[in-house]
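Descriptive analysis of the structure
One letter stands for each residue in the lines below.
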Amino acid sequence: LQALVEKAKSRRKKIEEDLYGGKPRYDGVLVVRGVAGASEEALRETISTILDREAKEWMLDQVETDDDRPVLRYQVRTKKSVPGPLLVESVRRACQEIADEVRFE
């Protein structure tokens with residue numbers, strides 16, 4: 001019974017933090033800059049596959065074009081088992097032919 005009470009308190013605290021602030025919901029921003037002429041759609045599909053598998057939570061935040069290169073920004077909440085640098089390396093490997101810059105801010 002005590003474990004159930006503790007779980008309920010923990011869940012309530014998490015909900016209150018999400019609603020009223022507290023700690024930030026996301027750990028950082030993943031920025032991926034495609035090569036010149038790269039398809040934005042191909043970048044999105046590749047990155048979303050990796051993020052679905054290796055991030056706890058994510059959201060496409062912004063899409064820009066810089067010198068005919070797509071730049072995608074994702075808000076990311078990392079898993080404890082996959083910290084930011086590992087996530088960047090996974091995205092970099094998956095997008096090596098269509099992206100020339102991947103960073104986590």
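Cut-offs used in this document
- Residues numbered from 1 in each chain as written.
- Predicted model: local features only at pLDDT ≥ 70, side-chain atom pairs only at ≥ 80, totals over all residues.
- Heavy atoms only, no water.
- Pairing = 2+ DSSP bridges.
- Helix = DSSP H or I, 4+ residues; strand = E, 2+ residues; numbered from the N terminus.
- Axes fitted to C-alpha atoms, helices over the stretch in contact; angles between N-to-C directions.
- Contact = heavy atoms within 4.5 Å.

This brings us to the sheet that holds strand β4 (residues 99-104). Either a parallel or an antiparallel arrangement is found when strands of a sheet pair, and the pairing is made through backbone hydrogen bonds. If you trace the 4 strands from one edge of the open sheet to the other, you get β2-β3-β1-β4, paired in antiparallel fashion. Strand pairing shows two members of the sheet lacking a second neighbour, β2 (55-66) and β4, which therefore form its edges. Mean inter-strand twist for the sheet, computed between neighbouring axes without regard to direction, equals 15°. Where strand β1 (residues 28-34) and strand β3 (residues 69-78) come together, 6 bridges link them in antiparallel fashion. Bridging from a neighbouring strand, valine 29 pairs with glutamine 75 of β3. In the packing of helix α2 (residues 40-54) onto the sheet, the strands contacted are β1, β2, β3 and β4, and the crossing angle to β2 comes to about 160°. Against the sheet, helix α3 (residues 84-94) makes contact with β1, β3 and β4, and its axis sits at roughly 165° relative to β4, the strand it touches most.

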